[in-house]
Amino acid sequence: MGKDQGTINVIGLGYIGLPTALLFASHGYKVRGVEIKEAIVNDLRGGKVHIDEPEIGQLMKSTLASGNLEIEKHCMQADIFIITVPTPLTREGKGDMSQVIKAVQSMLPYLQKDNIVIIESTCKVGTTEELVRPILEQAGWKIGEDIYLGYCPERVLPGQIIKELKYNSRIIGGTNEETTKRIKAVYQAFVEAEILETDTRTAEMCKLVENSFRDINIAFANELAKCCEQVGINVWELIRLCNQHPRVNVHEPGPGVGGHCIAIDPYFLIESLPEHSQLIRQARTINESMPEYMLDKIKRIVGKLEGEKVTLLGLTYKANSNDLRESPIVKLVELLEKEGCELSIVDSHIHQFRYLEEDILKAAQKSSLIVVGVNHDEFKELPLQALKCVMKYARVLDAKHIYREKDILKWEFEYYLLGGKKEK
Ligand code: SAJ
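All of these numbers come straight from a predicted model, not from anything done at the bench. (Residues numbered from 1 in each chain as written. Predicted model: local features only at pLDDT ≥ 70, side-chain atom pairs only at ≥ 80, totals over all residues. Heavy atoms only, no water.)

Visitor: Where do I start with the site of the ligand in this structure?
Guide: What surrounds the ligand is a group of 21 residues, the closest being Val156, Lys207, Asn211, Arg214 and Tyr317. For the ligand, whose accessible area on its own is 770 Å², the fraction buried by protein is 87%. Looking at the shell around the ligand residue by residue, the classes come out as eight nonpolar, four polar and nine charged. (Near = heavy atom within 4 Å. Areas by Shrake-Rupley, 256 points an atom, 1.4 Å probe, with all protein chains shown as cover. Nonpolar A, V, L, I, M, F, W, Y, C, P; charged D, E, K, R; others polar.)

See the structure below:
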């Protein structure tokens, strides 16, 4: 246990808030994790974690046992307030900042002079200065003198959140230099990488740009996959070769972009700057077209889908995760349902969803096609010989290039690849 550092309220115990609370609590802070969902509060108090991440279960147990972490539905007085609530998209594709505003309002009764207020939630540019600052000022506080307000985005990869919270560099945007310095000192408790200083608007924009960068690069790979299918080039081989160039790093194509970040954050930029964000908008359009593109491929392979069975391997938004948020495969399921297709799905990371089958041979019974949509480790080795016996047609469509064509052809399967030869 580190020395007693001070007190923190972390408001919103989701994918980012909970790991952040745990790291501060295990580095000497007295932390109150604040969560409005009663069921999550009860589970966490009992040591049950709702997030599937390495190290997190153990960290939860040890911090609860240390007495440095408590889970409550309301804030209390503290030195530091950190906001990690969701900022979803509305139906109209606009960033909804209302939970950030509510979180700020909820801590007003507990604020004291010299408190630090940090927003971590992904926000539209200007949120800290134009939405949050006025709320605090109306409550009578002088920003940068009484209350130190800043923005500090996370940049951690789901699946390795605890590790990346510690070892990724971090950006701090304070409303003035003194604030930035104070917030930097807070994160130095557990961040073992560089902490970079800037202003609030730049920090907010950094988060949006990082995810838009990846979205644009994935869109480029997806566009290449479509082009390659037209001209009979294997896009995976093409990308492998191009990436030998010292300044080229083409990303991977796939059935679409899921998750709560890359598929969402670009819209925060598009909404604010529609005329000047056309590349970012186009990348979204390309990536969002991929489930439909997969459907067309499936139709070319199987023909009319009504009454035919298709078996999907993987449902989550990415490999070895149990996260279904914005999963392009869930969108593909909906498209296949509209075609009247019979479905079966294998994904050991998911326990509740329609069409789930635990056993791949049962799932593939009388199936006309196996579609590999997610590169979970469990799909690396398929029991092809046995599958061939139970399927109606021995065919695999590989959207993540997890197999070598010759290993599949060996068992007299037809092998189709996203970004490979176009189906007849
Ligand atoms: N994907 C591709 N091709 C690729 C890479 C990814 O199709 O070459 C797809 C994945 O299959 C998945 C989606 O993109 O559906 C996103 O997956 P991801 O692993 O790239 O990223 P996330 O959404 O899990 O996490 C991202 C990360 N951002 C960047 O890498 C710029 C992470 O660092 C952020 O902290 C996180 O978003 C976030 O919270 O914003």
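What follows continues from the structure just given.
Visitor: Explanation requested: a nonpolar patch on the surface in the structure shown.
Guide: Residues Met205, Val209 and Leu273 make up a contiguous nonpolar surface patch of roughly 210 Å² in combined accessible area. With respect to the helices and strands, Val209 occurs in helix H8 (residues 200-231). The exposure class of Val209 is partly exposed, given its relative accessible area of 41%. (Patch = residues over 30% accessible without salt bridge, like charges linked within 9 Å, V, L, I, M, F, W, Y side chains within 5 Å. Salt bridge = Lys/Arg side-chain N within 4 Å of Asp/Glu carboxyl O. Helix = DSSP H or I, 4+ residues; strand = E, 2+ residues; numbered from the N terminus. Buried < 20%, exposed > 50% of the residue type's maximum accessible area, 1.4 Å probe, protein only.)

Visitor: Would you take a moment to explain the packing of helix H1 (residues 17-25) against helix H3 (residues 56-66) for this structure?
Guide: Between two packed helices, both the angle of their axes relative to each other and the distance between the axes serve to describe the pair. Orientation of H1 relative to H3, taken along the N-to-C sense of each, is 50°, at an axis distance of 10 Å. With respect to H3, the axis of H1 lies oblique. Relative to H3, H1 is oriented so that their crossing is left-handed. Contact with H1, carried on its side by Leu18, Pro19, Leu22, Leu23 and Ala25, involves Ile56, Leu59, Met60 and Thr63 of H3 and no other residues of that element. In the contact of H1 with H3, the residues fall into eight nonpolar, one polar and no charged. (Axes fitted to C-alpha atoms, helices over the stretch in contact; angles between N-to-C directions. Parallel < 35°, antiparallel > 145°, perpendicular 65-115°, else oblique. Left-handed = near helix turned anticlockwise from the far one by under 90°. Contact = heavy atoms within 4.5 Å.)

Visitor: Please clarify how the sheet that holds strand S10 (residues 342-346) should be interpreted in this entry.
Guide: Remark on secondary structure: sheet strands pair via backbone hydrogen bonds, oriented parallel or antiparallel. Read from one edge of the open sheet, five strands run S10-S9-S11-S12-S13, paired in parallel fashion. The strands lining the two open edges of the sheet, one partner per strand, are S10 and strand S13 (414-417). Averaged over neighbouring strand pairs, the angle between their axes works out to 20° when direction is ignored. Direction of pairing for strand S9 (residues 309-313) relative to S10: parallel, over a ladder of five bridges. Paired with Leu312 across the two strands is Ile345, which belongs to S10. (Pairing = 2+ DSSP bridges.)

Visitor: For this particular structure, what's the right way to read the pairing of S9?
Guide: Of all the five residues making up S9, five are buried; the element is thus mostly covered by neighbouring parts of the structure. Side-chain alternation along S9 places Lys309, Thr311 and Leu313 on one buried face and Val310 and Leu312 on a second face that is also buried. What joins S9 to S10 is helix H13 (residues 328-338), and the crossover it makes is right-handed. Of the pairings in the sheet, the one linking S9 to strand S11 (residues 369-372) comprises four bridges and is parallel in character. Bridge pairing links Thr311 to Ile370 in S11. (Right-handed = clockwise from strand over helix to strand, strands pointing away.)

Visitor: Quick question: what am I supposed to make of the packing of helix H5 (residues 127-138) against H8 here?
Guide: Between H5 and H8, the shortest axis-to-axis distance is 8 Å and the interhelical angle comes to 115°. Contacts between H5 and H8 involve Thr127, Thr128, Glu129 and Glu130 from the first element and Thr200, Arg201 and Glu204 from the second. Partitioning the contact of H5 with H8 into residue classes produces no nonpolar, three polar and four charged.

Visitor: Where do I start with the pattern of salt bridges in this structure?
Guide: In this structure the tally under the stated criterion is 31 salt bridges. A salt bridge links Lys48 to Asp43; the shortest N-O distance between them is 4.0 Å. Taking relative accessible area as the criterion, Lys48 reaches 53% and is therefore assigned exposed. In this structure, Lys184 engages Glu197 in a salt bridge whose closest nitrogen and oxygen atoms are separated by 3.0 Å. Within this pair, whereas Lys184 is found in helix H7 (residues 177-187), its partner Glu197 is found in strand S8 (residues 195-199), the two being separated by 13 residues in sequence. A relative accessible area of 48% means that Glu197 is categorised as partly exposed. Residues joined in a network through salt bridges with shared partners are Glu229, Lys297, Arg300 and Glu423.

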